[in-house]
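Coordinate analysis (summary)
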Amino acid sequence: MTITEDAPAGHVGSRRLRKEDPALLTGEAKFIDDLALPGAIWVGVVRSSEAHANIVGIDGSAALEIDGVNEVLSGEDLAPLWGEGALPCAWPVTPDMKNPTHLPVARSTAKYVGDAVAVVLADSRYAAADGAAAVVVDYEPLPAVVEIEDAVADGAPLVHADLDSNECYTWGLWGDNAPAIDAAFAEAAHVVSERYLQQRLIPAPMEPRGCAAVPSPAGGELTLYSATQIPHILKVMTAVVLGIGENKLRVVAPSVGGGFGCKLNVYAEEILCSALAMQRGAPVRWTEGRAEAAVSTIQGRGQVQHIELAADADGKVQAVRVKLLADMGAYLQLVTPGVPLLGGFLYHGCYDIPNYMFECTSVFTNRTPTDAYRGAGRPEATYAVERAMDALAVSVGVSPEEIRARNFIGADAFPYESSAGLVFDSGDYQAVLDKAVALAGLDERRAEQAQRLTDGSSKRIGIGLSSYVEMCGLAPSRVLASLDYGAGGWEAATVRISPTCKVQVVTGSTPHGQGHETCWSQIVADKLGVDPDDVEVLHSDTAISPTGLDTYGSRSLAVGGTAVYMATEKVIDKARAIAAHQLEASEDDLEFSGGVFRVRGTPEAEVPLAGIAFAAFTAHDLPDGMEPNLEAHVTYDPPNFTFPNGTHIAVVEVDTDTGDVDLVDYVAVDDCGVQINPLIVEGQVHGGILQGAAQALYEDAVYNSDGQLVSANLGDYLVPSAAEAPRYRLDSHATPSPTNPMGVKGVGEAGTIAAAPAVINAVVDALRDLGVTDVDMPASPQTVWRAIADAQGGAS
Amino acid sequence: MIPAAFDYEVAESADHAVSLLAEHGDDAKLLAGGHSLIPMMRYRLATPGVLVDVGRLDDLRYIRTGNGTVSIGALTRHSELEHSAALAEACPMLASVAALVGDPAVRHRGTLGGTIAHADPASDLPAAVLALGGTIVAQGPGGSREIAATDFFTGYFESVLADDEMITEVRVPAGTGGWNYQKFNRRAQDWAIVGAAVADGGAGVSLVNMGSTPIRASGVESALAGGASAAEAAALAADGLEPPEDLNADAEYRSHLARVLTERALNAAGVA
């Protein structure tokens, strides 16, 4: 089913402008640093300048001479604040996983550049910054492990001296089919064996992090404000780490300026400010600087990937075998070890590959911890399999679209049980690809590409395809249990109708830029027959929305939106009972549309929802035993993941004289299921594509051999701007998910997942006749120029 | 990203600015557009004790043409160079280069005097003034002096400008003879990884980010004067240079880019 050409019947499916935007665009929205907290203690964090060093001494005397600097505290001084508590990791992926104790401020040894080693308490943010800069730390340097493969080399220095190796865990997925895999490779007509590098990325949302802990000393309560994606999870974790009763703790996320996963965490500063606020009986706050964020906030990716495909003579893949080395960084943050697993089920891509083996060994390095970053494991998986499929196409001698067509899971195969153990909900991968090929004008592009070669032009055209499928709608709680994840995957919603028939939606999803308020309003408005502007959406405050599991992994709509949908239905059911009572009719004889209950076949017998709402409020005449008011709460635990998919096509022009890559065209056809608001969907896809293209062409967290982050500012860490964005040409091909009643799947990460392999496949395609078969990310001009030179047998 | 504490003075005139500089010595820095200085202060790479704000000296915002010379006030914004009809007629190269500096926000704040005084070898306009054979007018306590652009730049962020001098005017010869500027970077807003400027049909050739200063490519110029082709001359572009190395480019790649971009600039300037 295709919905793109269909005019929407109601608000769902309409390109409604976001109700969030006026406050954001006028500056009315309040972010963490906008909070006015008179008398607050400002925290400045002294961060390690060394990748690995013993802390010999901390001299705060110069800092204490600065006006407004009141205290300098070492990790040793602060240790009593957390006692036995440490920063939490919620995902012990194996029973023997190593999880080194991670204190908010290091006591004796700094493990990475940016590791907190001391804290300055001051009267202002300025004094805190001056004070932190003036603290002198005496380090005794230790050997550092910087690169992933060095961590597992013989004789590698240990990141954690108390562990006997740098290996955190090894997790595998192959069941009992190892012999079948070996047989497939032994019999294969074509074997592809590739090694790919996933560089580390700095998430860099528009708003860095920040937090403020405000105590109520008389009652012992604490309110923690934080620029977080996860106020609900943060509340539980803070309570556990610091031993605060959950009944005494409230967590509020004010307006949050993006996260891309990096605010899906429990950070040292949140625990530090909370503990200090309780101890001092005063507000304690911290605002992260942009340069600070580069090393103090988690980074993404960081993998060495080995992927092998075994295919028959026709290019039909019979087995995929993957071995990863994944960089955890120095410590495990909230879901650090689980990120490779989120991709671990998807290394067969969109393809029907009967034999599957995945193994990941994760290692510690002396670098900033990694964790979830837009796509979290799935961009890495898609990159590897889509690059490998292009290599297979070359080996077999067919086009990239043909090798995909020969291997796609068929449209008639759904629900499809994959060899990795998932059940895919719906899709028509071939139809999606066909649409993308047509939209891209692939024949004309290929003709242009050939003409350039004939002309001997130094500017070559490259065309790259990427077909992806991802798992969203995280997640069925029982499945999470099987993966040893420390929480469930449900989401909660409450829908209330006020006496004047305005609607209040309370959602456990926590928006930080997605547009929940707009989309939830559209869903509710259609079901209730009210105007979306009559719907308010409350969120992000555990006192208002006490139950929730927050926003990450493209889960909001498929899980949180479904909960809203179901809670609305539950309210309608109650309203129907009241309407039947008033109309003296059977509930079965009532129909509800456009906000009015009618008795079928008796047109004059009707009552509007507004009348029911007021009657429910007065409670003067309700059915016997019915509670007053229209309100319903639903906690929805999804029965399965959802599986968005699509095909993206990138067209690049490569200047072979300079190595410069110009992204000249970009086509994306996505199946994110039914779209609630296509305008928001397109925004997600646009941003996602640029973020994926950024990994392909621009962004790289570069560390030198001493473990110093060299690309630590936005002059050296190249986040692309609108000027670098390609011409986007989008279409969709929706196959509604049967997993949830709206048929939605999720779209927050799709662009990022698809874009990097599409772009790099295009770069390699442009240079193939020059002998180039691989280009590392990011494909900077120098990297491309050198790849050409190397392929041509030396520097030109 | 919070600068160290500093004092702030507003200059009422160039004379006033110079007297403030004389008073505070090397502890003072002039603040014009601030788009180079402020980021350095936020990273605490620069910690001046006093900022002397010359950004309000509107009498130093002008573009005057006549007698074969274009005279530009030091506080003239890049965006004013970019959009000036007079400059487009008298010295289109300078207008064109100004349009490639940074992004629109930078061009609306940044000033010609500021970018010359900052002496960043990776900046566009200093190299353009160098290729054009421009002159820098500096005012100090003892009066004004004229400095040839070829004599102005002495090292990374260093020039012959004294601590108590400020640039008041930049002069370039009027001329529309074959010119071109090739700027190579990864993002539109960035400094050039390498840039090549050609003025006056190849009589003036300069390079951006190929050493510690903007560099006059004298080898290329003399080869052209001696009858070499553009390709032959451009092949000499990197000879004898020690280009910087960074994440974008090592010395070998920078040298390659200098040759490629110089040839492209020469060809685009009409030099065969």
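Residues numbered from 1 in each chain as written. Chains lettered and ligands numbered in written order. Predicted model: local features only at pLDDT ≥ 70, side-chain atom pairs only at ≥ 80, totals over all residues.

A word on the overall build of chain A. What chain A contains, in helices and strands, is 21 helices and 28 strands. Taking 796 residues into account, the globule formula puts the C-alpha radius of gyration at 28 Å, and chain A, at 28 Å, falls close to it. Overall, the C-alpha framework of chain A stretches about 90 × 70 × 50 Å when taken along its three principal axes. Out of the 796 residues belonging to chain A, those deemed buried represent 57%. In chain A, the share of contacts with a sequence separation of at least 24, taken over all contacts with a separation of at least 6, comes to 80%. (Helix = DSSP H or I, 4+ residues; strand = E, 2+ residues; numbered from the N terminus. Rg over C-alpha atoms; globule rule 2.2 N^0.38 Å. Buried ≥ 20, exposed ≤ 12 C-beta atoms within 10 Å, placed from the backbone. Contact = placed C-beta atoms within 7 Å.)

What follows covers helix H1 (residues 14-24) of chain B. Each full turn of the α-helix corresponds to 3.6 residues, which orients residues three or four apart in the same direction. All names here are of chain B. When H1 is considered as a whole, its buried residues turn out to be Ala 14, Ala 17, Val 18, Leu 20 and Leu 21. Buried residues along H1 cover an arc of 160° about the axis, so they all sit on one side. On its buried side, H1 packs onto strand S1 (7-10), strand S2 (28-31), strand S3 (50-53), strand S6 (135-140) and strand S10 (166-173). Of the residues trailing H1, Gly 25 is marked for its positive phi of about 60°. (Arc of directions from axis to C-beta.)

All names here are of chain A. Spatial strand order, S3-S5-S1-S12-S9-S10-S11: 7 strands in an open sheet with mixed pairing. At either margin of the open sheet sits one strand with a lone partner, and together these are strand S3 (69-74) and strand S11 (249-252). Going across the sheet, the axis of each strand differs from the next one's by a mean of 20°, ignoring polarity. Where helix H7 (residues 231-242) meets the sheet, its contacts fall on strand S10 (221-226) and S11, and the angle it forms with S11 comes to roughly 145°. (Pairing = 2+ DSSP bridges. Axes fitted to C-alpha atoms, helices over the stretch in contact; angles between N-to-C directions.)

Below, the discussion takes up the sheet that holds strand S13 (residues 204-208) of chain B. All names here are of chain B. Across the sheet, 4 strands lie side by side as S11-S12-S13-S14; this open sheet has antiparallel pairing. Of all the strands in the sheet, the pair left with one neighbour each is strand S11 (180-184) and strand S14 (215-216). Bridge count between S13 and S14: 2 bridges; the pairing is antiparallel. When the bridges of S14 are listed, Ser 206 appears paired with Arg 216. On the sheet, helix H8 (residues 124-131) packs against S11, strand S12 (194-199), S13 and S14 and is oriented at approximately 160° with respect to S13. Packing against the sheet, helix H12 (residues 251-268) makes contact with S11, S12 and S13, and its axis sits at approximately 30° to S12.

Turning next to the interface of chain A and chain B. Taken residue by residue, the interface counts 25 residues in chain A and 18 residues in chain B. Looking at the side of chain A that touches chain B, the elements that each hand over two or more residues are helix H4 (125-134), helix H9 (290-296) and helix H21 (781-791) of chain A. A total of 5 residues in the side of chain A that touches chain B trace back to one element, the largest contributor, which is H4 of chain A. In terms of residue class, the side of chain A that touches chain B is built from 13 nonpolar, 6 polar and 6 charged. (Nonpolar A, V, L, I, M, F, W, Y, C, P; charged D, E, K, R; others polar.)

What follows concerns helix H16 (residues 516-528) of chain A. Residues and elements named next belong to chain A. The end-to-end C-alpha distance of H16, which contains 13 residues, comes to 18 Å, matching closely the 18 Å that a straight helix rising 1.5 Å per residue would cover. Judged by how many residues are buried, H16 sits mostly within the fold: 13 of 13 residues are covered. After H16 finishes, the residue Gly 529 shows a positive phi value of roughly 70°. (Expected span 1.5 Å × (residues − 1).)

Next up on the list: the environment of Ala 376 of chain A. Inspection of the secondary structure puts Ala 376 of chain A in the loop between strand S15 (355-364) and helix H11 (378-396). Each residue touching Ala 376 of chain A, except ones within four places of it in the same chain, is listed here: Gly 261, Val 339, Leu 342 and Gly 553 of chain A.

Here we take up the pairing of strand S26 (residues 645-655) of chain A. Residues and elements named next belong to chain A. Counting buried positions along S26 gives 10 out of 11 residues, so the element sits mostly inside the fold. Here strand S18 (residues 459-469) runs beside S26; their pairing, made up of 11 bridges, is antiparallel. Bridge pairing in S26 places Ile 463 opposite Val 651.

This part covers the environment of Ala 127 of chain A. All names here are of chain A. Relative to the assigned elements, Ala 127 resides in helix H4. Assessed through the 22 C-beta atoms surrounding it within 10 Å, Ala 127 is described here as buried. Separated by 57 residues in the primary sequence, Ala 127 and Asn 70 have C-alpha atoms spaced 9.3 Å apart. Dropping the residues within four chain positions of it, Ala 127 is found in contact with Trp 42, Ile 66, Asp 67, Gly 68, Val 69 and Ala 122.

All names here are of chain A. Residues Val 284 and Trp 286 point to one face of strand S12 (residues 284-287) and Arg 285 and Thr 287 to the other, with burial holding for every one of them. One ladder, built from 2 bridges, connects strand S1 (residues 41-47) with S12; its direction is parallel. Paired with Ile 41 across the two strands is Val 284, which belongs to S12. Pairing of strand S9 (residues 210-216) with S12, which is carried by 4 bridges, proceeds in the antiparallel orientation. The partner of Ala 213 across the bridge, within S12, is Val 284.

Looking at chain B as a whole, its pLDDT mean stands at 97, while 100% of the residues score no less than 70. For this predicted complex, the interface score ipTM comes out at 0.97, alongside a pTM of 0.97. (pLDDT = per-residue confidence, 0-100.)

A few words on the packing of helix H19 (residues 678-697) of chain A against helix H20 (residues 750-767) of chain A. Packed helices, taken two at a time, are described by the angle their axes make and the gap between the axes. Residue and element names in this part refer to chain A. One way to put it is that H19 packs onto H20 with a least axis distance of 7 Å and a crossing angle of 40°. By the angle between their directions, the pair H19 and H20 is classed as oblique. The two elements H19 and H20 cross, and the hand of that crossing is right-handed. Counted together, Gln 684, Val 685, Gly 687, Gly 688, Ile 689, Gln 691, Gly 692, Ala 693, Gln 695, Ala 696 and Leu 697 of H19 and Ala 750, Gly 751, Thr 752, Ile 753, Ala 754, Ala 755, Ala 756, Val 759 and Ile 760 of H20 form the full contact between these two elements. Classifying every residue of the contact of H19 with H20 gives 12 nonpolar, 8 polar and no charged. (Parallel < 35°, antiparallel > 145°, perpendicular 65-115°, else oblique. Left-handed = near helix turned anticlockwise from the far one by under 90°.)

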